[in-house]
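Letter by letter, the chains look like this.
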Amino acid sequence: MSNSYRRAIGKAVIGAIAITVIAVAGVVIYLTTSSNTGPPDTSVCGSTASSASQQPLHVSIYSGSANSANPPGYTPDSITLVIGVNNTVTWTNNDSVHHTVTSTSAPSGGSFNSGNMNGGATCTHTFTVPGTYQYDCVYHSWMTGTIVVKASP
Ligand SMILES: [Cu+2]
């Protein structure tokens, strides 16, 4: 076998290894970005963090809410809050697919958005602007909720 032939084989082997490494890396990236099985991510739905002095109200994104036969996707889907009393809400995605909590109608300065919530993720928001809020899931238009925020008594 000539030296140049050996070098050609060596380059081919290195090329094959490089392609394999790139392919494996691609699969790993795909799995880590598309999977629902990772640890839940916790996000804040907007600019105001949760208040430590209150127990948050809980709203569940229930299993099956991604199916249009199962509206409204959030339970309870309608809640009333009072600023300074119970104005912190935590949503938990108890479904196995991605959802969001995104305001579609809010008083000025009150809009909020969870961003993508994987299965198991929670999102906590403290409401500081009185008014009536409507929200939905950006992926599933039949998922809707209403929040009425009343001023501090
Ligand atoms: Cu959804």
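Residues numbered from 1 in each chain as written. Predicted model: local features only at pLDDT ≥ 70, side-chain atom pairs only at ≥ 80, totals over all residues.

### Section: the overall build of the chain
For step 1, the next point in the chain: Within the chain, the regular secondary structure consists of one helix and nine strands.
For step 2, the next point in the chain: Secondary structure elements in the chain, listed N-terminal to C-terminal, are α-β-β-β-β-β-β-β-β-β.
For step 3, the next point in the chain: Within the chain, the fraction of its 153 residues that count as buried is 23%.
For step 4, the next point in the chain: Across the chain, the fraction of contacts at a sequence separation of at least 24, relative to all contacts at a separation of at least 6, is 71%. (Helix = DSSP H or I, 4+ residues; strand = E, 2+ residues; numbered from the N terminus. Buried ≥ 20, exposed ≤ 12 C-beta atoms within 10 Å, placed from the backbone. Contact = placed C-beta atoms within 7 Å.)

### Digging into unusual backbone geometry
For step 1, the next point in the chain: Of note, the bond from P71 into P72 is cis; its omega dihedral lies within 30 degrees of zero at 10°.
For step 2, the next point in the chain: Mapped onto the elements, P72 comes out in the loop between strand 2 (57–61) and strand 3 (74–75).
For step 3, the next point in the chain: At the junction of T75 and P76, the peptide bond is cis and its omega measures out at -5° in the coordinates.
For step 4, the next point in the chain: Relative to the helices and strands, P76 is located in the loop between strand 3 and strand 4 (78–82).

### Digging into the nonpolar core
For step 1, the next point in the chain: Of all hydrophobic cores here, the largest spans 16 residues; its most connected members are W91 and C123.
For step 2, the next point in the chain: Sorting the residues of this core by element identifies strand 2, strand 5 (88–93), strand 8 (131–136) and strand 9 (144–150) as the ones contributing at least two each.
For step 3, the next point in the chain: Every residue in contact with W91, bar those within four places of it in the chain, is listed here: V59, I61, V101, S114, T122 and C123. (Core = buried A, V, L, I, M, F, W, Y, C linked by C-beta atoms within 7 Å.)

### A short note on the sheet that holds strand 8
For step 1, the next point in the chain: Spatially, four strands are ordered 4-9-8-6 in an open sheet, and the strand pairing comes out mixed. Of all strands in the sheet, those bounded by a partner on one side alone are strand 4 and strand 6 (102–105). When the angles between neighbouring strand axes are averaged without regard to direction, this sheet yields 35°.
For step 2, the next point in the chain: Sheet analysis places strand 4 next to strand 9, joined by five bridges and oriented parallel. Bridged to T80 within strand 9 is V148. (Pairing = 2+ DSSP bridges. Axes fitted to C-alpha atoms, helices over the stretch in contact; angles between N-to-C directions.)

### Considering the confidence of the model for the chain
For step 1, the next point in the chain: In the predicted model, the chain carries a mean pLDDT of 81, and 66% of its residues have values of at least 70.
For step 2, the next point in the chain: This stretch, residues 27–41, has a pLDDT under 50; its non-local contacts, to residues over four places away or in other chains, come to eleven contacts. (pLDDT = per-residue confidence, 0-100.)

### Points about the environment of A106
For step 1, the next point in the chain: Here A106 is to be found in the loop between strand 6 and strand 7 (122–126).
For step 2, the next point in the chain: A106 sits 42 residues away from V148 along the chain, and the two C-alpha atoms are 9.9 Å apart.
For step 3, the next point in the chain: Among residues more than four places away in sequence, those in contact with A106 are S111, G131 and Y133.

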